[in-house]
Amino acid sequence: MTDVAIDPDRVLGNLYALREIGKYKTGVHRPTLSTQDIEARQWLVDELNAIGHAAQIDGIANVFGQSPASDRVILAGSHIESQNHAGWLDGALGIVYALEAATVIAGSETLRGKGVDVIAFADEEGHFNNFLGSYSFVGELDETAIDQSRNRTNGIGLRDALSSAGLAGTPRLVMERQRYEGFLEAHIEQGDWLESEGLDVGIVESIVSICQYRLVFEGIQNHAGTTRMAIRKDAGVAARNLLQRIDEAFLDHSAPRTVWTTGRITLDPGAPSIIPGRAEVLFQFRDADPDKLEELHNVLHGLVEEDNSTGPCRVSIETISRSVPAVMDPNIKASFDQAAEQHTPARHARMPSGAGHDAQIIARHIPAGMLFVPSIGGISHHYTENTSDEHIVMGARVFVSAAARLLSSA
Ligand SMILES: [Zn+2]
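On a predicted model such as this, the values are computed, not experimentally measured, just so you know. (Residues numbered from 1 in each chain as written. Predicted model: local features only at pLDDT ≥ 70, side-chain atom pairs only at ≥ 80, totals over all residues.)

Draft legend 1. Summary view of the overall build of the protein. When helices and strands are counted, the protein shows 12 helices and 17 strands. In terms of overall size, the protein behaves like a compact globule, its C-alpha atoms giving a radius of gyration of 24 Å where 410 residues would be expected to give roughly 22 Å. The C-alpha extent of the protein, read off along each of the three principal axes, is 85 × 50 × 40 Å. Taking all 410 residues of the protein together, 47% fall into the buried category. For the protein, the share of sequence-separated contacts (at least 6 apart) that also reach a separation of at least 24 residues comes to 77%. (Helix = DSSP H or I, 4+ residues; strand = E, 2+ residues; numbered from the N terminus. Rg over C-alpha atoms; globule rule 2.2 N^0.38 Å. Buried ≥ 20, exposed ≤ 12 C-beta atoms within 10 Å, placed from the backbone. Contact = placed C-beta atoms within 7 Å.)

Quick look at the structure:
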């Protein structure tokens, strides 16, 4: 298709325009429902209206721009808010690619009657609650959840924040599933794999599941000077020893892309001269393969059981959450493969997504696919996050070309 060429200057120009909204050093500070976030959303509404889409901000702050097309339509987008004082491309890249796809396809003669609806989900970054916008758009966010959500930085309730943004009483839009061939989301990789392999784009196979656990160690709190080592029941030592064994066992059982993290260790009472009577550990692991996740879940429980039988402290394990890996649609993956092979032969590969994305929520309802571009040094969630202009432009070419392929295939 000759008339679906992107405009590189427009892609970069739109990204630069978004970077000015809430600019912070070389990144942005655009937390959900802040004035900067609403300004960015309004910017997108204006851009979408300018290409003939009917755009609005709905009652959860999702921006939705509907194409006038009705023959074959795909949905594309990402999130537009940022983490606090973070990078300029996380979310924004997927928004600008979706806008470019909508613009190019709206002007294409060969794709007449076909179009791209654009969505900017609210709060993928979880200032109030992870994936608020995508849950709302698939009809899985109830009013009670909105009543109960508070901003993790300033404690402001979601209702009050929506009201301050002028969105109180605005209806929430729900996806018309039958309208769509599928959902496409582009994102920066937020890791260093593409860069280290010298690749231009990655096609996401599946979005990993995160399994999170709380381990609680019960020992005996006592005096750090007078209690002999032989009789101590130190919950801190018990936690450290078990974590060491988990690390060793996971090295044996993990797949190449499995990752595991101890995010927090709390010792109680946490004083220099008191032997901890209690320790709490937050532990998580991620993988894209359900069988591997099950195996690691069992390994972890086995180690806890073993620890309990040998003592000296009691250990309990609680599952905080276990999500299911979101497998991307084979047809969309194939379209990305073909588009990538056309624009950057042999410099693309399939890969898992180690981070969560709105596409995992949408994938439960319509076919979904994701495209990654390299992150310089793998840095993200920091204001120095960046991607080269060449990679940004190449990603846009592959993304728009894949969208055109999906819309033109019978
Ligand atoms: Zn993101």
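Draft legend 2. Inspection of helix α2 (residues 35–50) at higher detail. If you check α2, its first and last C-alpha atoms are 22 Å apart, about what 16 residues at 1.5 Å a residue would give, namely 22 Å. Residues of α2 that are buried include every one of Asp37, Ile38, Ala40, Arg41, Leu44, Glu47 and Leu48, and no others. The secondary structure elements touched by the buried residues of α2 are α1 (8–20), β3 (54–57), β4 (63–66), α3 (92–106) and β6 (114–121). Gly52 sits one or two residues past α2 and shows a positive phi near 90°. (Expected span 1.5 Å × (residues − 1).)

Draft legend 3. How the structure looks around unusual backbone geometry. Of the consecutive residues Asp268 and Pro269, the connecting peptide bond is found in the cis state with omega at 5°. Omega for the bond connecting Gly311 with Pro312 falls within 30 degrees of zero, at 5°, which places this linkage in the cis form. With respect to the helices and strands, Pro312 occurs in the loop between α9 (290–310) and β14 (314–322). One non-glycine residue with positive phi stands out, namely Gln190, at about 65°. You can see Gln190 is positioned in the loop between β7 (180–188) and α7 (193–197).

Draft legend 4. Molecular detail of the domain arrangement of the protein. Segmentation of the protein into domains returns domain 1 (8–208 + 325–408) and domain 2 (209–322). Look at where the C-alpha atoms of domain 1 and domain 2 centre, and you get two points 37 Å apart. Taken together, the residues of the side of domain 1 that touches domain 2 sort by class into three nonpolar, two polar and one charged. (Domains from an automatic or database assignment. Nonpolar A, V, L, I, M, F, W, Y, C, P; charged D, E, K, R; others polar.)

Draft legend 5. Layout of the environment of Val104. Looking at the secondary structure, you find Val104 in helix α3. Note: C-alpha distance between Val104 and Ile51 (53 residues apart in sequence) is 9.6 Å. Discounting residues that sit within four places of it in the chain, Val104 has contacts with Val4, Ile6 and Val400.

Draft legend 6. Just the pairing of β3, in detail. Covered by surrounding structure in β3 are Ala55 and Ile57 only, the residues Ala54 and Gln56 on the alternate face being uncovered. Relative to β4, β3 runs antiparallel, the two sharing four bridges. Among the inter-strand pairings, Ala54 is bridged to a residue of β4, identified as Gln66. Counting the residues that bridge the hairpin from β3 to β4 gives five residues, and of these Ala61 lies at a positive phi of roughly 85°. (Pairing = 2+ DSSP bridges.)

Draft legend 7. Representation of the sheet that holds strand β13 (residues 278–287) in the model. If you trace the four strands from one edge of the open sheet to the other, you get β11-β13-β9-β14, paired in antiparallel fashion. The sheet is open, and its two edges are formed by β11 (259–268) and β14, each paired on a single side. Averaged over all pairs of adjacent strands, the angle between their axes in this sheet comes to 15°, without regard to strand direction. Sheet topology places strand β9 (residues 209–218) next to β14; eight bridges connect them, and they run antiparallel. Pairing of Leu215 across the sheet is with Ile317, part of β14. (Axes fitted to C-alpha atoms, helices over the stretch in contact; angles between N-to-C directions.)

Draft legend 8. Broad picture of helix α12 (residues 389–408). The first and last C-alpha atoms of α12 sit 29 Å apart over 20 residues, in line with the 28 Å expected at 1.5 Å per residue. Of all the 20 residues making up α12, 15 are buried; the element is thus mostly covered by neighbouring parts of the structure.

Draft legend 9. Structural detail: the pairing of β7. Among the nine residues of β7, seven are classified as buried, and the element is accordingly described as predominantly covered. Inspection of the sheet shows strand β5 (residues 72–79) paired to β7 by three bridges, in the parallel sense. Residue pairing for β7: Ala76 is matched across the bridge by Leu184. Looking at chain direction, β7 and strand β17 (residues 368–373) are connected through six bridges and run parallel. The residue bridging Ile188 from the neighbouring strand is Val373, located in β17.

Draft legend 10. Examining the packing of α3 against α12 more closely. Contact pair α3 / α12: the axes reach a minimum separation of 9 Å and the direction vectors enclose 50°. In this view, α3 runs oblique relative to α12, as classed from their interaxial angle. Between α3 and α12 lies a crossing whose hand is right-handed. Here Tyr97, Glu100, Ala101, Val104 and Ile105 of α3 come into contact with α12, specifically with Gly395, Ala396, Phe399, Val400, Ala403, Ala404 and Leu407. Looking at the contact of α3 with α12 residue by residue, the classes come out as 10 nonpolar, one polar and one charged. (Parallel < 35°, antiparallel > 145°, perpendicular 65-115°, else oblique. Left-handed = near helix turned anticlockwise from the far one by under 90°.)

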